[in-house]
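# Fold and geometry: a report
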Amino acid sequence: MKKSVIAGIAAIVLVGIVAAAIPLGERFAASRIKAEIERDGTTTVGQVEVELLARRVALADIKSSHAAGLSVGRWEASGFGWPLAELLRGRTPLAGFRWGSPLQADRVELRQVRLGDRSIAGTWSVESLVLEGLDLARFDASDDGPYGGAVLLARAMSALSVRRFEQIGTIFTLPGNGDTFGVSKIDVDRYEGGRVASATALGVEATAGGGHAPLYRVSNIDLRGLDARRILAALSSADWHPNGPIGQVKVERASAAGFGGEMFTRYGVSLGSVTIETLRESDKVSRSRTRIDGFVLAPPLRNMEALKLRIALQAMGLRELKLGFDCAGMEDRERAEITIDRCALSGPDLAEINFTARVVGADAAFWQAVDDGDTAALYDSKAALASARLVLADGGLLERGLKALAATTGQPVSAVRTNLARDIRRFQPTDVLITQNLTQLLDAVARFVEKGGTLTVDARPEPPLAIDRIDYLTSPGADLINALGLTATLSR
């Protein structure tokens, strides 16, 4: 017989032996995993499935009294790099994972997950959770300090990358009162050590314990270019404590839309959308903008609070109140400046209030305080307020407000206007130095009440008011007008 034929027969026989042995090996591995998981007497597993060639393990009907009342309907992982020896000892990424150990998996899926005790620490439940392209690098699990749980979690999140994350039907119940916070669906695309390429959350709701309708609801939250690495770096330190600075979250774009819920309905509030955008022109220059669109207050006749609001609006001749907010600014680290280019609150047929400001001398201490979220550290900075301007352009608000006040006091509008202007001119704030400049500023405000128009209040401190001098403004006898360089002008 030719050697090639013998080799072929041997190969066929070997393949047959391996094919027959694999199911036996899978059943042995499954039984060994189940026995080891249940050995401590606190955990039970209804069924274990193992596919060696696919590197797939599935556990069904998991219950643990040891892990804060953990229960999982099904846990399945495929294409994952968990040592077989660990599996045979009953140590899976679900039960037996050691902090600091690496873990890789093509796909991990959990269904019907429930964790916690409502009476003690609250509960967390999820209908479905899927992670694709999971890669957890080895990280330091030693020297985690007094708040080890938060520290280790932050270190794990810094070492984690996930190609895609999907979570459906999430509900967190607070202990004691039973208040719930829920999210219908969360989608995350490309998470890498604290950075998120994109993420969406649908059906975000907060409901009071025992309530049927949500108090607050947001239909859609969308994030792009989220960077939380500074927060994770702060939390990863063994020296971290709950009152310590946690850093700044940066985001290229964030938006929320579809606001509702019982609290909105109770007061007749509707809100279209909230949007935050950041454009980075370079590593040192960025522009940001925040918008609130579609805010409407139309109080219904459902409760006393709403009724009071409705009466106040009717006294001003309004059936509803519409407002918009638009704020834009720039951060220029090369020029050591922060500017608020426009921060406007406007209402049709009412008024527009616009605020602008400029901070100069933003040194390393200032940027470190901003990046780390440490407001106390700002006092180590020499940054200073160079200028600020508040512009109030009346478009009917003044007249409506005076009519409402007249209706409340039973006086003619002319008398209310005269008395209010007089009180403004006579106003003498306590613990503030009364100067001729203050008198002139108050007179400009009083003339605005008498005539309307556009009131502009400028702050141009000379020299610029440094942050370390802010305390002076609250000290008894402070000369606010001179320290801030305040002036007021009235124009038509």
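A brief report on the enclosed structure follows. Every chain's residues receive numbers from 1 upward, in the order its sequence appears when written. In keeping with the model being predicted, local features are shown solely for residues with a pLDDT of at least 70 and side-chain atom pairs are shown and tallied solely at 80 or more, while totals for entire chains, interfaces and linings include all residues. Only hydrogens and water are set aside; all other atoms, that is, all heavy atoms of the structure, feed into the side-chain values.

Another point: the packing of helix α8 (residues 397-409) against helix α9 (residues 413-426). Between N-to-C directions, angles span 0 to 180 degrees; the directions come from axes that are lines fitted to C-alpha atoms, helices contributing only their stretch in contact. Every helix listed is a DSSP run of H or I at least four residues long, and every strand listed is a run of E at least two residues long, numbered separately from the N terminus. The interhelical angle for the contact between α8 and α9, taken along N-to-C directions, is 105 degrees, at an axis separation of 9 Å. Regarding the angle of α8 to α9, the classification is roughly perpendicular. Along the contact surface, α8 presents Glu399, Leu402, Lys403, Leu405, Ala406 and Thr409, while α9 presents Val413, Val416, Arg417 and Leu420. In terms of residue class, the contact of α8 with α9 is built from six nonpolar, one polar and three charged. Roughly parallel here means an angle under 35 degrees, roughly antiparallel means over 145, roughly perpendicular means 65 to 115, and every remaining angle is called oblique. Contact between two residues is taken to exist if any of their heavy atoms lie within 4.5 Å; hydrogens are not considered. In this classification, Asp, Glu, Lys and Arg are treated as charged, Ala, Val, Leu, Ile, Met, Phe, Trp, Tyr, Cys and Pro as nonpolar, and every other residue, Gly included, as polar.

Put simply, two rings from Phe, Tyr or Trp (the six-membered ring, in Trp's case) pair if the centres are within 6.5 Å, and we call them stacked under 30 degrees between planes, edge-to-face over 60, tilted for the rest. Evaluation of the coordinates by the stated rule reveals four aromatic pairs. Arranged with centres 6.4 Å apart and planes meeting at 85 degrees, the rings of Tyr216 and Phe264 form a pair that is edge-to-face. Of this pair, Tyr216 sits in strand β9 (residues 216-227) while Phe264 sits in helix α5 (residues 262-267), placing them 48 residues apart in sequence. Residues Phe366 and Trp367 carry aromatic rings whose centres are separated by 5.2 Å and whose planes lie at 80 degrees to one another, so their mutual orientation is edge-to-face. With relative accessibility at 8%, the residue Trp367 sits in the buried group. By the ring-pair criterion, three or more aromatic residues cluster together here, those being Tyr216, Phe259 and Phe264. Throughout, exposure labels follow a simple rule: accessible area from a 1.4 Å probe, protein chains only, divided by the maximum for the residue type, with under 20% read as buried, over 50% as exposed, and the rest as partly exposed.

On to the pattern of salt bridges, then. Side chains that differ in charge, positive against negative, can pair when their charged atoms come close. A side-chain nitrogen of Lys or Arg and a carboxyl oxygen of Asp or Glu constitute a salt bridge if their distance falls within 4 Å. Applying the stated rule across the entire model yields 40 salt bridges. Here Glu51 and Arg56 are joined by a salt bridge, their closest N and O atoms 3.0 Å apart. In this structure Glu51 comes out as partly exposed when scored by relative accessible area, which is 34%. Measuring nitrogen to oxygen at the nearest pair gives 2.6 Å for the salt bridge that ties Asp61 to Lys63. Taken together, the shared-partner salt bridges connect Arg107, Glu109, Arg111, Glu132, Arg164, Glu166, Lys185 and Asp187 into one network.

With that out of the way, let us pick up the layout of surface pockets. Every definition here rests on a 1 Å grid over the protein atoms only: cavities are sets of points where a 1.4 Å probe fits but cannot get out, pockets are open sets enclosed by protein on both sides within 12 Å along at least five of seven lines, and lining residues have some atom within 4 Å of a point. Grid points are joined across faces, edges and corners, and a volume is the space filled by probe spheres set on the points. Volume-wise, the second largest pocket comes out at about 500 Å³. Along the walls of the second largest pocket sit 22 residues, with Gln248, Ser286, Ser288, Met330 and Glu331 positioned nearest its centre. Only β12 (273-280), β13 (285-297), β14 (321-332), β15 (337-347) and β16 (351-360) provide two or more residues apiece to the lining of the second largest pocket. Here the lining of the second largest pocket gets five residues from one element, more than from any other, and that element is β14.

Next up on the list: a nonpolar patch on the surface. Two joining distances apply to patches: 9 Å for like charges and 5 Å for nonpolar side chains (Val, Leu, Ile, Met, Phe, Trp, Tyr), and every residue must have over 30% relative accessible area and no salt bridge. Surface accessibility in these figures is a Shrake-Rupley result with a 1.4 Å probe; residues are shielded only by whichever protein chains are displayed. The grouping of Leu301, Met304, Leu307 and Ile311 at the surface amounts to a nonpolar patch, some 400 Å² of accessible area in total. Mapped onto the secondary structure, Ile311 falls in helix α6 (residues 304-315). What makes Ile311 partly exposed here is its relative accessible area of 49%.

On to the pairing of β16, then. For a regular strand, side-chain orientation follows a simple rule: the groups alternate between the two sheet faces. In short, DSSP must find at least two bridges between two strands for them to pair. Bridge analysis of β15 against β16 gives eight bridges, and the strand direction is antiparallel. Bridge pairing in β16 links Gly347 to Ala351. The antiparallel hairpin formed by β15 and β16 contains three residues in its connecting segment, where Asp349 sits at a positive phi of about 60 degrees. Here ten bridges tie β16 to strand β17 (residues 384-394), and the two strands are oriented antiparallel to one another. When the sheet's bridge partners are listed, Arg358 is paired in β17 with Ser387.

Turning our attention to the side chain of Thr207. Tracing the backbone shows Thr207 in strand β8 (residues 195-207). Aside from chain neighbours lying at most four places away, what touches Thr207 is Asp179, Thr180, Ala213, Pro214 and Leu215.

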